[in-house]
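# Examining the three-dimensional arrangement
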Amino acid sequence: MSASEIQTATVQHHERYAAHGWLARTLPGVLLTAIIAVLATALHHVPGLGSFSSLILSILLGMAFHNVVGTPRWAKAGVTFSLRRILRGAIILLGLQLTVTQIATVGMAGVAGTGLTLGATFFFTLWAGRRLGVDRALSTLIATGTSICGASAVVAANAVVDGGDEDVAYAIATVTVFGSLSMVLFPSLDAALHLAPHVYGLWSGASIHEIAQVVAAAFQEGQDAGHFGTIVKLTRVLMLAPVVLLLAWFWDRNAGNSGARRKGTTPWFAFGFLLMVGVNSVLPISAGFHQGASEVTTFLLAMALAAMGLETDIARLRAKGLRPLALGASAWIFITAFGLAMAVLAM
């Protein structure tokens, strides 16, 4: 065997050894997040817990495990992998839930009203966060989660703003609490307002935080309101990609002005998300494949949020005080009122 062949064989041996070592370090933590996601999915189907998505239950279970038992050292690498790589893959797959045709059914006025509600809520929350003295990263996460799509938007935005795990947990807690209140209150408010089905659907889809919460609230007022509200909500989800891209640009620009510019913050997964929307709009994809892709996406997001919970310290969460909760409440009241006005004007 020649010297070059020996060198090649040695390099290949080291590469195989490195790959094996990486797998051995990463797999245990990934399996831990998967187990928590499985438990959360099972709990989601328990009577009384159906209003809480498996994503919310995953982060709660992860937090309970971390703060009662403690996240073991051997799980750290896998938890980090779930929190970063698996999360980005899940957000890309989220694009398969949308088509351009679906968005067209909302109409130009509906899309414009939804976009205005999103933008106004986002900037109002940032402004209110400054007034309340809430940390910039946490304000941004609450703004993104409230204005776009709840927990999924929070974790997507955090890939750019790089807030602490406690910031993410607090932001998810606020959008869960106030989104759940909307889910209960919107049908009661509609009983007094007597909105037309499409107006109520647009209001629900443009204002309520999580997709599951929109479905629960909108379908209580009939099939027309339910279907229209769901499509409006998915239109809001589509806006996640451009918002995250713009957020990355502003965040990097501000970091550059402060002399602390970070590298590699371009959220490439947002382009993957848009690519999947394009694929779903052009190629004929079966309903069975869509259902499977949706379930896989939800499970991967649950794994990512389980990882988030496994790194969240409740003592640090408590130390942030009530100001972020007040910010979440302010954002919720704003989006509810502004969204109603836009729905009435658009329809």
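Residues numbered from 1 in each chain as written. Predicted model: local features only at pLDDT ≥ 70, side-chain atom pairs only at ≥ 80, totals over all residues. Heavy atoms only, no water.

## Remarks on the overall build of the chain
Let me state the cut-off plainly: Only DSSP runs of H or I reaching four residues or more are called helices, and only runs of E reaching two or more are called strands; each is numbered from the N terminus. Contacts between residues were defined by any pair of non-hydrogen atoms, one from each residue, lying within 4.5 Å. Each accessible area is a Shrake-Rupley result for a 1.4 Å probe, and residues are judged covered by the shown protein chains and nothing else.
Helix and strand content of the chain: 15 helices and zero strands. Across the chain, the fraction of contacts at a sequence separation of at least 24, relative to all contacts at a separation of at least 6, is 81%. For the chain, the exposed area adds up to about 16200 Å²; of that, 68% sits on carbon and sulfur atoms.

## Some details on the packing of aromatic side chains
Applied cut-off: Pairing of aromatic side chains here covers Phe, Tyr and the six-membered ring of Trp, requires ring centres within 6.5 Å, and sorts the geometry by plane angle: under 30 degrees stacked, over 60 edge-to-face, intermediate tilted. Exposure categories follow from relative accessible area, calculated using a 1.4 Å probe and restricted to protein chains: below 20% of the type maximum is buried, above 50% is exposed, and the middle band is partly exposed.
All chains considered together, the criterion is met by eight aromatic pairs. On the numbers, 5.9 Å between centres and 40° between planes, the contact of Phe124 with Trp127 is tilted. Here Trp127 and Phe124 lie together in helix H4 (residues 100-132), a separation of three residues that amounts to about one turn. Note on Phe124: relative accessible area 21%, which makes it partly exposed. With centroids separated by 4.4 Å and ring planes inclined at 5°, the aromatic side chains of Phe124 and Phe334 adopt a geometry described as stacked. With Phe124 in helix H4 and Phe334 in helix H15 (residues 323-346), this pair connects stretches of sequence that are 210 residues apart. Within the aromatic cluster, the residues linked to one another by ring pairs are Phe124, Trp127, Phe334 and Phe338.

## Overview of a nonpolar patch on the surface
Going by this rule: The patches reported here contain residues having more than 30% relative accessible area and no salt bridge. Joining distances are 9 Å for like charges and 5 Å for nonpolar side chains (Val, Leu, Ile, Met, Phe, Trp, Tyr). For salt bridges, the criterion is a side-chain nitrogen of Lys or Arg within 4 Å of an Asp or Glu carboxyl oxygen.
A contiguous nonpolar surface patch, about 480 Å² in accessible area, is contributed by Val177, Leu181, Val184, Leu185, Leu189 and Leu193. Locating Leu189 in the fold gives a position in helix H7 (residues 165-193). Leu189 sits in the partly exposed class, given a relative accessible area of 38%.

## Concerning the nonpolar core
For soluble globular proteins, the rule of thumb is that nonpolar side chains tend to be buried together. For clarity, the cut-off: We define the nonpolar core as a collection of buried residues of types Ala, Val, Leu, Ile, Met, Phe, Trp, Tyr and Cys that are connected through side-chain atoms lying within 4.5 Å of one another.
Counting 69 residues, the largest nonpolar core has Ile91, Ile172, Leu240 and Phe273 as its most contacted members. Filtering out sequence-adjacent residues up to four positions away, Leu240 remains in contact with Ile91, Ile148, Cys149, Ala153 and Ala156. Counting 15 residues, the second-largest nonpolar core is a separate cluster that includes Ile208, Val214, Ala225 and Phe228.

## Details of the packing of helix H3 (residues 76-94) against helix H12 (residues 268-282)
This is how it is decided: Every axis corresponds to a line fitted to the C-alpha atoms, with the helix fit spanning only the stretch in contact, and the corresponding angles, defined between N-to-C directions, vary from 0 to 180 degrees. Geometric relationships in this document are graded by angle, where less than 35 degrees denotes roughly parallel, more than 145 denotes roughly antiparallel, 65 to 115 denotes roughly perpendicular, and other angles denote oblique. A crossing counts as left-handed when the near helix is turned anticlockwise from the far one by less than a right angle, and as right-handed when that turn is clockwise. Note on residue classes: Ala, Val, Leu, Ile, Met, Phe, Trp, Tyr, Cys and Pro are nonpolar, Asp, Glu, Lys and Arg are charged, and everything else, Gly too, is polar.
Running from N to C, H3 and H12 point in directions that differ by 30°, and their axes come no closer than 7 Å. The angle between the axes of H3 and H12 places the two elements in the roughly parallel class. With respect to the hand of their crossing, H3 and H12 are arranged in right-handed fashion. Together, Arg88, Ile91, Ile92 and Leu94 of H3 and Phe269, Gly272, Phe273 and Met276 of H12 make up the contact between the two elements. Its residues assigned to classes, the contact of H3 with H12 comprises six nonpolar, one polar and one charged.

## Thoughts on the side chain of His66
For the record, the criterion: The term polar contact refers here to a pair of N or O atoms within 3.5 Å; inside protein, the definition further demands a hydrogen-donor-capable atom paired with an acceptor-capable atom, and it admits residues adjacent in sequence only when both atoms are side-chain atoms.
Mapped onto the secondary structure, His66 falls in helix H2 (residues 54-68). Looking at His66, its side chain comes within polar contact range of the side chain of Thr71, at 2.8 Å. Here His66 is in contact with Thr71, Gly309, Leu310, Glu311, Thr312 and Asp313, once residues within four sequence places are set aside.

## Here we look at the confidence of the model for the chain
Low-pLDDT portions of the prediction should not be read for the details of their coordinates. What counts is decided by this rule: The predictor reports its confidence for every residue as pLDDT, a score running from 0 up to 100.
Chain-level statistics for the chain give a pLDDT mean of 83 and a share of 90% at 70 or above. For the chain, the element scoring lowest by mean pLDDT is helix H1 (residues 3-44), at 73; H15 scores highest, at 94. Contacts of residues 258-265 to residues separated by more than four positions or lying in other chains number 14 contacts, the stretch itself having pLDDT below 50.

## Things to note about the environment of Ser152
Within the element layout of this structure, Ser152 appears in helix H6 (residues 151-161). Look at Ser152 and you get buried, because its relative accessible area is 8%. Separated by 85 residues in sequence, Ser152 and Val237 place their C-alpha atoms 9.2 Å apart. When near neighbours in sequence (up to four residues on either side) are disregarded, Ser152 contacts Leu55 and Leu301.

## Concerning unusual backbone geometry
Negative phi values dominate among residues other than glycine, just as trans dominates among peptide bonds. The phi dihedral of Asp162 falls on the positive side, at around 55°, and the residue is not glycine. Note that Asp162 resides in the loop between H6 and H7. Residue classification places Asp162 among the partly exposed positions, given a relative accessible area of 46%.

## Things to note about the environment of Ala248
Here Ala248 is to be found in helix H11 (residues 240-257). For Ala248, a relative accessible area of 5% translates into the label buried. Residues Ala248 and Ala159, 89 residues apart in the sequence, show an inter-C-alpha distance of 9.0 Å.

## What about H7?
Here is the rule we go by: In a helix, the anticipated span is given by 1.5 Å times the number of residues less one. Throughout, the bend at a residue refers to the angle made by two axes, fitted to the seven residues ending there and to the seven starting there.
In this model H7 runs 40 Å from its N-terminal to its C-terminal C-alpha over 29 residues, within 8% of the 42 Å that 1.5 Å per residue would give. When the local axis directions of H7 are compared, the greatest deviation, roughly 35°, occurs at Leu185, which is followed within four positions by the proline Pro187.

## Brief notes about the side chain of Thr174
Secondary-structure assignment places Thr174 in helix H7. What Thr174 contacts, discounting residues up to four positions off in sequence, is Ile142, Pro324, Leu325 and Gly328.

## A few points about the pattern of salt bridges
Proximity of charged atoms lets side chains of opposite charge pair with each other. For the structure shown, the criterion picks out one salt bridge. Between Lys320 and Asp167 there is a salt bridge, and its shortest N-O distance comes to 2.8 Å. In this pair, Lys320 sits in the loop between helix H14 (314-319) and H15 while Asp167 sits in helix H7, placing the two residues 153 residues apart along the sequence. Lys320 gets classed as partly exposed once you look at its relative accessible area, which sits at 31%. Asp167 sits in the buried class, given a relative accessible area of 7%.

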